[in-house]
Amino acid sequence: MVSNKENEEYGLPRKSHEEADGPSGTVVLGEGEYRYSVSGNNWGQLPDGWFYREATAVAVDQQDRVYVFNRGTCPVIVFDSDGNMIDSWGEGVFKSPHGISVGPDGNLFCVDNGDSTVRKFTASGELLMTIGEPNKPSPPMSGKPFSAPTHVAADPKSGEFFVADGYANAVVHRFSPEGDLTATWGESGTNEGQFNIVHNIAIDSQGLLYVADRENHRIQVFDRDGVYQTQWVNMARTAAIYVDTRGEEDIVYVGEYFSGIGLNHMGTNLGPRVTVINTRGEILARVGTESYGSQHGRFFTPHGISVDSKGDIYLAEVSHSDYGKGWHVPELRSMQKLVKDRQ
């Protein structure tokens, strides 16, 4: 852990007295039915000498196997829900791991924003499909796939999948299960149906798509044909999104970056945090109120999010990219598990 004195040297906020430690050195965050214990350490038991550098994304399959996509020793590391490593794969394949998601067949979509591709793998790492020619992105803002894509959402009913093409484009692409492009929508801007960094995408049980429109500080909702439905505002920089469809109603989990600037680094309720919302747009909980930092109960940069069958949250953060450069510090924490209170 980094001390308060060290935090000041690195430009990190001091620990707030409002961050209550739990009985075993954890911190409890959230409210109502959505309260979580956070350990404050990198989650997952890595072999000696291995490191994440930074976890960029995380996905949980139907067996509660946890796939961490990262820019460290090995790009895809697979754990059980207790953090025991059970598999790893992907060495030498990726240029810049960005997004990972599980399809309805249990296969995985891995998005590489560095070489502008989307690859589909089996759970054990066998390559099934590559969309996009590696290292040959489409022209920026052309609307053509892909120009630094970010994430995939797969429809469990149809097998279609949707690609957020969001760093140098401002669109969502719709593909057939076989990988054929069938539709594209979106453009740069701040109006309804426009985007400013299409960063993450998820689909609910009714087939509605939720798009994390990061630099517009909102979630936009569309049907599968790209017809705008609604938007959720009053949010920080919406970077990560996951829809849990296993309960009586779908629940949406949103990871948000810190949205303060400059000397506002000590501001509260500006992210980084996780917001829990139902599909009617009603906020059920804000998980985390303090500014960024390494202390228990704080986050750096929530970049990928997923939830297991117990309701526990897995959060991947690009801590090094946003806060590690220029700091003479060890690897920053980038992978946390938030264990839901089951009382």
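Owing to the predicted nature of the structure, the values given are computational and were not obtained by experimental measurement.

1. A look at the confidence of the model for the protein
The share of residues in the protein with pLDDT of 70 or more is 91%, and the mean pLDDT across the chain is 92. Across residues 1-23, where pLDDT falls below 50, the model places 50 contacts with residues more than four positions away in sequence or in other chains.

2. With respect to the sheet that holds strand β24 (residues 283-287)
Here we have four strands laid out as an open sheet, ordered β21-β22-β23-β24, and antiparallel in their pairing. Of all strands in the sheet, those with a lone pairing partner are β21 (237-244) and β24, marking the two edges. Put simply, the sheet's adjacent strands are angled 20° from each other on average, direction ignored. Looking at chain direction, β21 and strand β22 (residues 251-257) are connected through seven bridges and run antiparallel. Across the sheet, the residue bridging to Tyr-242 is Tyr-253, located in β22.

3. A look at the environment of Arg-246
Inspection of the secondary structure assignment puts Arg-246 in the loop between β21 and β22. Residues Arg-246 and Tyr-167, spaced 79 residues apart in sequence, show a C-alpha to C-alpha distance of 31 Å. Excluding residues that lie within four positions of it along the chain, Arg-246 makes contacts with Asp-64, Val-307, Asp-308 and Ser-309.

4. Brief notes about the pairing of strand β25 (residues 302-307)
Consecutive residues of a regular strand have side chains that alternate between opposite faces of the sheet. Among the six residues that make up β25, six are buried, leaving the element largely enclosed by the rest of the structure. By the bridge criterion, five bridges tie β25 to strand β26 (residues 313-317) in an arrangement that is antiparallel. Paired with Val-307 across the strands is Ile-313, a residue of β26. A loop of five residues connects β25 with β26, the two strands running antiparallel in sequence, and Gly-311 in this loop sits at a positive phi of about 90°.

5. Regarding the environment of His-217
Within the element layout of this structure, His-217 appears in the loop between β18 (209-213) and β19 (218-222). Taking C-alpha positions, His-217 is 8.6 Å from Ser-259, a pair spaced 42 residues apart along the chain. Discounting chain neighbours no more than four positions away, the residues touching His-217 are Trp-232, Val-233, Met-235, Ala-236, Arg-237, Thr-238 and Ser-259.

6. Concerning the pairing of β18
Burial within β18 is extensive, with five of its five residues counted as buried. Every second residue of β18 is oriented toward a common face, with Leu-209, Val-211 and Asp-213 on one face and Tyr-210 and Ala-212 on the other, all of them buried. As paired strands, strand β17 (residues 198-203) and β18 are joined by five bridges and run antiparallel to one another. Bridge assignment links Ile-203 to a residue of β18, and that residue is Leu-209. The loop that links β17 with its antiparallel partner β18 comprises five residues; one of these, Gly-207, has a positive phi angle of about 90°. What sits between the antiparallel neighbours β18 and β19 is a turn of four residues, in which His-217 has the positive phi angle 55°.

7. Quick word on the sheet that holds strand β12 (residues 161-165)
Spatial ordering of the open sheet is given by β11-β12-β13-β14, a layout of four strands whose pairing is antiparallel. Of all the strands in the sheet, just β11 (151-154) and β14 (181-185) have a single pairing partner and so form its edges. Strand-to-strand twist across the sheet, computed as the mean angle between neighbouring axes with direction ignored, equals 20°. Note: strand β13 (residues 171-175) against β14, four bridges, orientation antiparallel. Note on β14: the bridge partner recorded for His-173 is Thr-184.

8. Description of the nonpolar core
Core analysis: the largest hydrophobic core is formed by 19 residues, its most contacted members being Tyr-36, Tyr-253, Val-276, Ile-305, Ile-313 and Leu-338. Broken down by secondary-structure element, the contributors of at least two residues to this core are β1 (27-31), β2 (34-38), β21, β22, β23 (273-278), β24, β25 and β26. Sort the elements by how many residues they give to this core and β2 lands first, with three residues. Those residues in contact with Ile-313, other than ones at most four positions away along the chain, are Tyr-36, Tyr-253, Val-274, Ile-305, Ser-306, Val-307, Gln-336, Lys-337 and Leu-338.

9. Here we look at the environment of Asp-250
Topologically, Asp-250 is positioned in the loop between β21 and β22. Here the alpha-carbon distance between Asp-250 and Glu-331, two residues 81 residues apart in the chain, equals 35 Å. Aside from chain neighbours lying at most four places away, what touches Asp-250 is Asp-204, Ser-205, Gln-206, Val-243, Asp-244, Thr-245, Asn-278 and Thr-279. At a separation of 2.7 Å, a polar atom in the side chain of Asp-250 contacts the side chain of Ser-205.

10. Topic: unusual backbone geometry
The general pattern is negative phi for most residues beyond glycine and trans for most peptide bonds. For the bond from Pro-145 to Phe-146, the omega torsion is -20°, close enough to zero to count as cis. As for its position among the elements, Phe-146 is in the loop between β10 (127-131) and β11. Omega for the peptide link from Gly-271 to Pro-272 comes to -5°, which places this bond in the cis form. Phi is positive for Arg-53, close to 60°, though the residue is something other than glycine. Topologically, Arg-53 is positioned in the loop between β2 and β3 (55-60). What makes Arg-53 partly exposed here is its relative accessible area of 35%. Here Asn-234, not a glycine, exhibits a phi torsion of approximately 55°, which is positive. Considering the arrangement of structural elements, one finds Asn-234 in the loop between β20 (228-232) and β21. By relative accessible area, Asn-234 is classed as exposed at 68%.

Analysis parameters
Residues numbered from 1 in each chain as written. Predicted model: local features only at pLDDT ≥ 70, side-chain atom pairs only at ≥ 80, totals over all residues. Heavy atoms only, no water. pLDDT = per-residue confidence, 0-100. Contact = heavy atoms within 4.5 Å. Pairing = 2+ DSSP bridges. Helix = DSSP H or I, 4+ residues; strand = E, 2+ residues; numbered from the N terminus. Axes fitted to C-alpha atoms, helices over the stretch in contact; angles between N-to-C directions. Buried < 20%, exposed > 50% of the residue type's maximum accessible area, 1.4 Å probe, protein only. Core = buried A, V, L, I, M, F, W, Y, C linked by side-chain atoms within 4.5 Å. Polar contact = N/O pair within 3.5 Å; in protein donor to acceptor, adjacent residues only side chain to side chain.

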